[in-house]
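# Chains, contacts and geometry: an overview
Spelled out, the chains give:
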Amino acid sequence: MTDTLSRRIETQPSFYSKYVSSPISRLQNVENQLFKIFEEEINSKNPVLLRYNSLAIRKLARFITGDITRSASVGIAGETASGKSTITLDIIDTIELFAKVFNTGRVITRVNTDDYYFDRSEEVRQAGGMAEFAKTYDFDVPEALELDLMCKHIQELLSGNCVMLPKYDMSGTTIRIDNHTLAKPSKIIISEGLFTLTEKIKDAFDFKIYVDIDCDIQKERFFVRANERGLGESANKIYQNASDKAEIYIRPCRESADIVLSGEADRSRYKIFLNKILSIVEQLYFAN
């Protein structure tokens, strides 16, 4: 299903009518190609793309053609166990493979939202473990993360500066090591996490992507992960709290997202979709 903006392709033919009587500029040509790729995917069987904003497609065309010369920032959000981390890694792998094939050097830098959770390791120790601590501490609110610091780091990278990123232990210790990982600026800065598109941080991103998923599939994935993390009997309470808080903080991000992806599609489909977009870059800059 397409949203109102994506239907502008059909409802406002005058936007494209000028192409008939005048040469198509490189920017306009890239816009046309992107719209075609997105429309074909959204109308396919079991698509990875559920909705998109045509204004974001035009901005993407400006970045691809070099009409916008600075780095682009991409934020990816979704509920716990929605598949956002897997999708992000597949995006990174696909772009890095493209960069390797065409010897473009560094093109993408990841800033993981989860690494900005506050260190609560001492509180976990005093509580006697993660399972006990999680009974009284809420991880499922934006205030559990230092989003101001994350926003600052993204702005530094977009300005062309290197940044030392924190690293958070998701195994249950809640330890955060600051100044852990050197991040270098690149053409694309990508971030993902539960609260990546919430009010305090969303304006840091040029492109806002939301990963949607059926609630039953998401719930099944959650409890598999909860078992791996040793949450024990507290898993049910944690899940219910996560679902309740998602209703307040995360699900509304879907409506303001530029692109909504399915968290249920086969992983290979995401790479195929992205490679179609990268083929435009190849045509522009690497075609013989």
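Above: the structure in question.
Now for a quick tour of the structure. (Residues numbered from 1 in each chain as written. Predicted model: local features only at pLDDT ≥ 70, side-chain atom pairs only at ≥ 80, totals over all residues. Heavy atoms only, no water.)

## Regarding the overall build of the protein chain
Let me state the cut-off plainly: Per the convention used, a helix needs a DSSP run of H or I reaching at least four residues, while a strand needs a run of E reaching at least two, with both numbered from the N terminus. What the globule rule says is 2.2 Å times the number of residues to the power 0.38, and the radius of gyration is computed from C-alpha atoms. Note on exposure labels: buried denotes an accessible area under 20% of the residue type's maximum, exposed denotes more than 50%, and partly exposed covers the range between, all computed with a 1.4 Å probe on protein chains only. Only heavy atoms matter for contacts: two residues are in contact if any of them lie within 4.5 Å across the pair. Here the accessible surface of atoms and residues is derived via Shrake-Rupley with a 1.4 Å probe, and residues count as covered only by protein chains that are part of the display.
Check the secondary structure of the protein chain and you find twelve helices and eight strands. Over its C-alpha trace the protein chain gives a radius of gyration of 20 Å, about what one expects of a compact globule, namely 19 Å for 288 residues. A total of 288 residues make up the protein chain; the buried ones form 49% of that total. Long-range pairs, those at least 24 residues apart, make up 76% of the contacts in the protein chain with a sequence separation of at least 6. Carbon and sulfur atoms form 51% of the exposed surface of the protein chain, whose accessible area is close to 14,600 Å².

## Considerations on the packing of helix α3 (residues 26–42) against helix α4 (residues 54–65)
When two helices pack together, their arrangement is given by the angle between their axes and by how far apart the axes lie. Inclusion rule: An axis is simply a line fitted to the C-alpha atoms; with a helix, the fit covers only the stretch in contact. Between two such axes, the angle follows the N-to-C directions and lies from 0 to 180 degrees. For this classification, under 35 degrees means roughly parallel, over 145 means roughly antiparallel, 65 to 115 means roughly perpendicular, and everything else is oblique. In this scheme the handedness of a crossing depends on how the near helix is turned from the far one: anticlockwise by less than a right angle means left-handed, clockwise means right-handed. Nonpolar residues are Ala, Val, Leu, Ile, Met, Phe, Trp, Tyr, Cys and Pro. Charged residues are Asp, Glu, Lys and Arg, and all others, Gly as well, are polar.
Their axes nearest at 9 Å, the elements α3 and α4 cross at an angle of 130°. Considered as vectors, α3 and α4 are oriented oblique to each other. Note that α3 runs across α4; the crossing there is right-handed. Facing α3, whose interface residues are Arg26, Leu27, Val30, Glu31, Leu34, Phe35 and Phe38, α4 presents Ser54, Ile57, Arg58, Leu60, Ala61, Arg62, Ile64 and Thr65. Looking at the contact of α3 with α4, its residues break down into nine nonpolar, two polar and four charged.

## Quick word on the side chain of Thr65
Formally: N or O atoms closer than or at 3.5 Å make up a polar contact, with two conditions inside protein: a donor-capable atom paired with an acceptor-capable one, and, for residues adjacent in sequence, both atoms drawn from side chains.
For Thr65, the position within the fold is in helix α4. Among the polar contacts made by the side chain of Thr65, one reaches the main-chain carbonyl oxygen of Arg62 at a distance of 3.3 Å.

## Notes on the sheet that holds strand β6 (residues 188–193)
Put simply, the rule reads: The pairing criterion for strands is at least two bridges between them, as found by DSSP.
The strand order across the open sheet built from six strands is β1-β8-β7-β2-β6-β3, with neighbouring strands paired in mixed fashion. Edge positions in the sheet fall to β1 (49–52) and β3 (108–112), since each of these pairs with one other strand and no more. Taken over all neighbouring pairs, the strand axes of this sheet differ in orientation by 20° on average, direction set aside. As paired strands, β1 and strand β8 (residues 259–262) are joined by three bridges and run antiparallel to one another. For Tyr52, the partnering residue across the bridge sits in β8 and is Ile259. Of the strands in this sheet, β2 (72–78), β3 and β6 are in contact with helix α8 (residues 147–158), which crosses β6 at around 165°.

## Things to note about unusual backbone geometry
For Ala81, which is not a glycine, the phi torsion comes out positive at approximately 65°. With respect to the helices and strands, Ala81 occurs in the loop between β2 and α5 (84–101). Here Asn179, not a glycine, exhibits a phi torsion of approximately 55°, which is positive. Assignment of secondary structure puts Asn179 in strand β5 (residues 176–183).

## Observations concerning the pairing of β3
Most of β3 is tucked away, with four of its five residues classed as buried. Inspection of the sheet shows β3 paired to β6 by five bridges, in the parallel sense. The residue bridging Ile108 from the neighbouring strand is Ile188, located in β6.

## Details of the side chain of Asn53
Relative to the elements of secondary structure, Asn53 occurs in the loop between β1 and α4. Residue classification places Asn53 among the buried positions, given a relative accessible area of 15%. Within polar-contact distance, the side chain of Asn53 engages the backbone nitrogen of Leu55 at 2.8 Å.

## Digging into the pattern of salt bridges
The condition that has to hold: Salt bridges are counted wherever a side-chain nitrogen of Lys or Arg sits within 4 Å of a carboxyl oxygen of Asp or Glu.
Summed over the entire model, instances satisfying the criterion amount to 16 salt bridges. One network of salt bridges, in which partners are shared, links Glu79, Glu247 and Arg251.

## Description of the environment of Gln155
Within the secondary structure layout, Gln155 lies in helix α8. Along the primary structure Gln155 and Phe205 are separated by 50 residues, whereas in three dimensions their C-alpha atoms are 9.6 Å apart.

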